[in-house]
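Now for the letters of each chain:
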Amino acid sequence: MLFRGQNPTCEHCNIPAPRLPEAKCIRIRQLTIQLADITLGSPVFLAPMAGITDLPFRNLVQSFGGGLVVSEMVASQEMVQAKPGTRERAELGFGLENTAVQLAGRDALWMAKAAHMVEASGARIIDINMGCPAKKVTNGYSGSALMKDLDHALSLIEAVVAAVKIPVTLKTRLGWDDNLLNAADLARRAEEAGVQMITIHGRTRCQFYKGSADWQAIAAVKQAVSIPVIANGDIVDLASARKALRQSGADGVMVGRGIQGRPWLLAEIAAGLDGRSYDGIPAGTDLADMVARHYQAALDFYGPDLGGRVIRKHLGWYMDLVETPSALRKEILTSKSPATVLRLIPKALAEYGSVAA
Ligand SMILES: Cc1cc2nc3c(=O)[nH]c(=O)nc-3n(C[C@H](O)[C@H](O)[C@H](O)COP(=O)(O)O)c2cc1C
């Protein structure tokens, strides 16, 4: 660590010296993460988000640069049984090496079969969901409900690891509730079972998304295992990424809601952690072109009707960012005509406000 000035801060990551010895320089830490033969080029990952991190969005994020992007959760049984709309969620695109497909389920057999299918389709990493708090998922004893029965959780992990040759990772929370904070136990057992990386959302299941993520609590997981640990929850910019890394001691960060409307955010944070400034944020016509490409990619992927509906929330986030006037915003969000939306995007995105870094 290198310190400068009267109130010295580390010249790389700006951590004030008085906070030492806990503070560690983030810049000089290892900035790549190795999973078997896969090198993830930055420690800043895209969180899986159902309805958001679909193929068009992951491709867009990858075009700026992301260490890893994770698909939406794919229900294992539904995938094997080819329920409509399920297999599309596992589709791989640009940036294959850096894409994990996330599987959810409660039955070892379906999980293993789905893992095998995902591997056969070319996926390079499989992530297991043990963090989803939604009642329709936990009532089926999937997602974070698995934290209430670690033996069962382990049986799923073992089945998936045995079914494939590619790295298997795990995403979970701190525990079910404040009385059951067992992420470190789960992580230890998962590592023994062959899991190669673990992401912790710093909340319990019963917190859902309330309160703030507890990055400090992730440190117990980091200390329990020797595989990479990724901190998740409320990381929205370089400052929060640095703080989460410092408090948790984690090897990387995973960004969810903060990236909505800002697909360059992983690249921006990674550059900052590496001590570089980032000049890749599109503005004006470049921003409008990017949004038009995202819009068109969604229509191509889903077809015009479903695509037009799925992309609407992204359009809203982009327009929030540049504060598009409400009448124009409404016209775009209610139009069913792709030609009209494509005609209005330059006006809505290029002419107003500027993107806040
Ligand atoms: C709309 C939405 C959908 C999500 N879907 C998934 C999912 O499919 N799988 C999963 O493991 N987590 C899912 N999550 C949780 C996120 O991956 C992440 O853990 C959580 O949002 C906290 O990170 P953030 O504060 O950066 O958003 C979802 C979150 C949101 C908001």
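Just above, that's the structure.
What you see is a predicted model, and the numbers here were worked out from it, not measured in a lab.

About the thresholds
What you see as residue numbers is a count from 1 along each chain, following the sequence as written. Reporting in this predicted model follows two pLDDT cut-offs: at least 70 for local features of residues, and 80 or more for side-chain atom pairs to be given and counted; totals over whole chains, interfaces and linings ignore these cut-offs and use all residues. No hydrogens and no water enter the side-chain calculation; it runs on all heavy atoms of the structure. We call a residue buried when its accessible area falls under 20% of the maximum for its residue type, exposed when it is over 50%, and partly exposed in between, using a 1.4 Å probe and counting protein chains only. Numbering of helices and strands runs from the N terminus, with a helix taken as a DSSP run of H or I at least four residues long and a strand as a DSSP run of E at least two residues long. Nearness is judged by heavy atoms alone; a residue qualifies as near a molecule or strand once a single heavy atom is within 4 Å of it. As used in this structure description, the phrase polar contact means that two N or O atoms lie within 3.5 Å; if the pair is within protein, one of them must be able to donate a hydrogen and the other to accept it, and residues adjacent in sequence are counted only when both atoms belong to side chains. Computed with the Shrake-Rupley method and a 1.4 Å probe, the accessible areas treat only the protein chains shown as cover for residues. Only Asp, Glu, Lys and Arg are considered charged, only Ala, Val, Leu, Ile, Met, Phe, Trp, Tyr, Cys and Pro nonpolar, and every remaining residue, Gly among them, polar.

(A) Here's a closer look at unusual backbone geometry. One non-glycine residue with positive phi stands out, namely Ala-82, at about 55 degrees. The partly exposed category is assigned to Ala-82, whose relative accessible area is 41%. At Glu-323, a residue that is not glycine, the phi angle is positive and equals roughly 55 degrees. Secondary-structure assignment places Glu-323 in the loop between helix H12 (312-322) and helix H13 (326-334). In this structure Glu-323 comes out as exposed when scored by relative accessible area, which is 64%.

(B) Molecular detail of the site of the ligand. Around the ligand, 17 residues are found, and the nearest of them are Pro-48, Gln-102, Asn-232, Asp-234 and Arg-257. Between an oxygen atom of the ligand and a main-chain N or O atom of Pro-48, the distance comes to 2.7 Å. Met-73 places a main-chain nitrogen or oxygen 3.2 Å from an oxygen atom of the ligand. Compared with its free state, where it exposes 600 Å², the ligand has 88% of that area covered by protein. For the shell around the ligand, the class distribution of residues is 8 nonpolar, 6 polar and 3 charged.

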